[in-house]
Amino acid sequence: MAAHPLDELFRDLRHAVRGLRRAPGFSLVAILTLGLGLGANAAIFGVLDAAILRPLPFPDADRIVTLHISVQEASQGKHELFPWSYPKFDLFRKNVTSYSGVAGYANSNLNLITPDGPERLEAEEVGASYFQVLALTPALGRLFQPGEDARPGEPAIVVLGHDLWKRRFGADRGIVGREVRLNGHALTVVGVAPAGFHGLSGAADVFVPISLAPLLEYSDILTEAGNHWFLAVGRLKPGVSLAAANAEAVSTGALVDRQYRFSGQSGTWTAITRQLADSRTDPGFRRSLLLLAGAVGLVLLIACVNLTSLLLVRAVARRREIAVRLALGAARGRLVRQVLTESLVLSLAGFVAAVAIAKGGVRLLLLLGPGQAGSGNGSSYFFDPATVTVDGRVILFALGLSLVAALLVGLVPALQASRPGLTDSLKAGGASVGGGRVTLRRPGAHQILVVSEVALALILLVGAGLLGKSFARLRGIDVGFTPDHVLTFKYAAADGDLAARDSKAFKEMAVARLSALPGVRSASVGLCAPLTGPCAVSVVTQKDAEKFKIGASSIEIGIHPAAPDHFKTLGIAILSGRGFTSQDRTGSPRVVVINQTAARRLWPGQDPIGRTLSAATGYFGGGDSAATVIGVARDVRYGAFDSSTMSDLYIPAYQSGFGSSGTFFIRTERDPFQVLEAARRELKALDPTLPIYNVMTMEERAGAALTRPRFATTLLGAFAAMALVLAAVGLYGVMAFSVAQRTREIGLRMALGANAPMVLRSVLLQGLALAGVGVGIGLAGAVALQRVVAGMLYGVQPTDPATMLGVSLLMGAAAVLAAAIPARRATRVDPMTALRSE
C-alpha cells in the first residue's frame, strides 16, 4: 500500500532534521548565512514598504494628484518643479475643470500660547478644500469647508491635530468652539483631524486656512506673483484620466505664465500633474532605498550560491549513502525531494533567524537613515519613519523569500547528487560531484558557482567604491563659508514678545547683546542657516536690463536677510564692493548683496556694483522694491552638498521685515556650546517667553547635510564587505574541496618529483583563474548597471577606471588569501600516505 504524501513529507522532514543535527557546524553556518541574507532583505523591505509600496491612507488615493509649476530652460532637457505663488495658483484653479477640488498647502511653525508658556508647533497652512481633496473625516467637529479661504485674513479658525488634542488638551471633546492663541491671534477650534494624519508635510500639529498667511507670515504674501512658497494637491473628477488632467494643467499653466510672465523671463513655464504617490518620499531617499534593495538582493543571492556550494560538498560526503540507495532502487525523484527538503528545513530555520535580524536591522536603518524633515517650503514628503515595523507584510515577504531561497539552494545539489552514473564514478575513486580538478575548460557546478559569487560581489564592490569616492568628493566641497566655531539656533516669537511687536528693534538689540558676550567674536541674525535649503525663493528683475543685450533680465533667487556682521560671522568672503553696516537700516537707501552666481546670471561679464534690481518680495515693506547692489559675496551652498549653487540675494536685516522668527549665528573663540547658556540668558532678558530651539553648531549642520549620502555609502559598503567575505569563503570552500578530491593526484605528482612551491603555485593559479573570470564578468555587469548609481554620484564617473582597478585588485587579494590555505595544505600531502589511502 502506497504511503500517503503527507506521511512521506513528514518522513522526509524527520530525515532532514536528523541529518542536520548530525552536522551541527554545517547547519549553524548555513542557517546564519541565510538568516543574514534574508534578514537584511526583510529590513530593507520594511522601509520600502512603509515609504513606497504601502497604499496611501486616503480613499481612492490613485485619484489624488500633486500640481507643480514646471520650468524648462532652453538649454536643458528636463523640467524643474517649482512651488506656487498665490496669484498664479488662484488663476490656475479658476481655469481648470478636471479636478473636483484643488488646494494649496505649506508647512510652517506657529506658537501656541498657553498660561504655561508658549509651545512651538508644526503647522500646515492649507486651502479650504484640502481635507475634501484627501477625503478625510474629522475625529471631532468639522474640517474646513470649500470657499472658507476666499478672503485674505479670514476666517480665524483652526483644526487641531489628533495627537496635539490628546497631549495638550487631554482629548477634551468640548474643545470645539473654544479659542486658542497661535502667534498672538485668537483662532476658534472647529474640529480635530483624524488620528494618524499629520498632513502631507508629515509633521503637522495644527491646520490653519492658507488665507491667514498675511496674519501669520507677512501682509503681502498672497499678492506677490513672484514669491513661490507652497505646493498644491488635487483630486481628479470621476472619469477624468491622469493624462487628460495633465494636458489641461499644461495648457492652463501656459495661460498663467502669459498673465504673470516677467520681462526677460527665460525658459518655458507651465504646470504639471503627478500622482500623489510619486511624491510620498524624497527622491534621493527613494533612490537610496532602491539601490540598497538591489544590493541586499545580491547579498542574498551570494549567500544562496555559497550555501549551494556547501550542499554540493555535503552531497559528496554522502555519496556512498546515495549510491547505495540508488543501487537498492530508490527513484531519482525521491532523492531530489529529500535534498530539497533538507534545503527547505535550512531555509525555514534561516527565516526564523531572519525575523530577529530584521527587527534589529530596521532599528539600525532608522538610526542611520536621513529622515524626512521638511524643507520649509511646503514639503510633500510624508513618509513617517515611525511607521516602519516588522509587521505581517514583512514577515510574509521574508517567508516567501526563504521558500525561493530553498529552491535556489537545493535544486542544483539535488540534481547533482542523484544523477545517473554516480555509482560508477565512486568505483573510479577520483571523480566527484562537480569534478575535483578546478578547470575552466570543463567547469563543474562548484566552479560556476564560485565565479558567480565573485562576479556578484565585484558588482557590489564597484558600487560601494563609486559611492565612497563620491562621498569623499562631497566632503571636500568648498561650501563657501567657514563652519567651525559657529553656534546656531532658531527662535519664534510668541504673543507679546518684543520680537513680534518690533522685530527690527529686537534683532538689533539681540545681536548687540550676543556680540558682547565673553568668548564671542561676532554675531548675526538671519532667516535660515546654510546647508538647510533656501528658506525663501523669489524672482529678481534687473531695473537697468535695457542696457544689456545678453542674459535674462529675471532669475529665481534665494532671499537671505543678514545683520551687519553676517558675512564675518559665517566666514563668507565679500569678493567686490562691501557688506552691510549698521547704517543700512529702515529709512536709508535700499541696498543688497548678491552672490557670484546671481552676478554672473544678471550681468554676465559686467560689474554689478551700483546696478539696481527689483525683488518681488515683501521683505522691504511691500511691493516691487528696487535696491542697489553694493557687494558680491562668495557662493554659499544653502541646499544639499550635491545640489547646484543657486543665485542668492542678501538684504539688510535691520532694513527688512522678515518676520518674528529666524536664526541666530554666533562665532566663538572656543567650543560654541560654552556660550549657549549665556546667550539664552541674554535673549530671556529681552523676551522672557521667547522660544529657542534647534540648537546646533554649523559643523553639526554640515554633518546632517551629508546624512543621506553617508547612509547609502555606509550601508552599501557594509553589504559589499559582506559579499566580499562570502565570495572569499566560497572560493576557499571550492579550493579546499578541490585539494581534498585531488589528494591522490597531488601525492602522485610529488612522488614523481614535484616540489612544494610547484604544487603551491598550481593551486593558487587555479584559484586566481576562477577569481579572474568572476572579476571580468563582474566588471562587465558593473558597466551594464552604471545607470543605477549614476544619479547618486558627485564628481565621479560611473565607469571610473581607478575604482574599477582598485576593487579588482581587492578581489584579487581576497582570492589569494582564500586559496592560500588550501594551497599550503596541498604542499603538506605525504605522497605515500595519499597513495596508500586510495
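Above: the structure in question.
Residues numbered from 1 in each chain as written. Predicted model: local features only at pLDDT ≥ 70, side-chain atom pairs only at ≥ 80, totals over all residues. Heavy atoms only, no water.

Quick look at the pattern of salt bridges
In this structure the tally under the stated criterion is 20 salt bridges. The closest approach of N and O atoms between arginine 393 and aspartate 49, which form a salt bridge, is 2.6 Å. With arginine 393 in helix α11 (residues 392-417) and aspartate 49 in helix α2 (residues 24-53), this pair connects stretches of sequence that are 344 residues apart. With a relative accessible area of 40%, arginine 393 lands in the partly exposed category. (Salt bridge = Lys/Arg side-chain N within 4 Å of Asp/Glu carboxyl O. Helix = DSSP H or I, 4+ residues; strand = E, 2+ residues; numbered from the N terminus. Buried < 20%, exposed > 50% of the residue type's maximum accessible area, 1.4 Å probe, protein only.)

Concerning the pairing of strand β20 (residues 648-652)
Buried residues dominate β20, accounting for five of its five residues. A two-sided burial pattern is seen for β20, the buried positions comprising Asp648, Tyr650 and Pro652 on one face and Leu649 and Ile651 on the other. Relative to β20, strand β17 (residues 591-595) runs antiparallel, the two sharing two bridges. Note on β20: the bridge partner recorded for isoleucine 594 is leucine 649. (Pairing = 2+ DSSP bridges.)

Quick look at a nonpolar patch on the surface
Taken together, the side chains of Leu301, Val404 and Leu408 present a nonpolar region at the surface, about 240 Å² in accessible area. The exposure class assigned to leucine 408 is partly exposed, which follows from its relative accessible area of 45%. (Patch = residues over 30% accessible without salt bridge, like charges linked within 9 Å, V, L, I, M, F, W, Y side chains within 5 Å. Areas by Shrake-Rupley, 256 points an atom, 1.4 Å probe, with all protein chains shown as cover.)

Remarks on a positive patch on the surface
There is a patch of like positive charges on the surface, built from Arg11, Arg14, Arg18 and Arg22. Note that arginine 11 resides in helix α1 (residues 5-21). Of the residues examined, arginine 11 reaches a relative accessible area of 38% and is grouped as partly exposed. (Lys, Arg positive; Asp, Glu negative; His and termini not counted. Charge placed at Lys NZ, Arg CZ, Asp CG, Glu CD.)

Things to note about the nonpolar core
Membership of the largest hydrophobic core comes to 60 residues, with the highest contact counts inside it found for Leu460, Leu716, Phe719 and Met811. At the level of elements, α2, α8 (283-317), α10 (332-368), α11, α13 (445-475), α20 (707-741), α22 (756-784) and α24 (801-827) are the ones that each hand at least two residues to this core. The element that contributes the greatest number of residues to this core is α13, accounting for eleven residues. In this view, methionine 811 contacts Val454, Ala457, Leu458, Leu461, Leu724 and Val775; residues no more than four positions away in its chain are not counted. Core analysis: the second largest hydrophobic core is formed by 28 residues, Val71, Tyr86, Phe89 and Val256 among them. (Core = buried A, V, L, I, M, F, W, Y, C linked by side-chain atoms within 4.5 Å. Contact = heavy atoms within 4.5 Å.)

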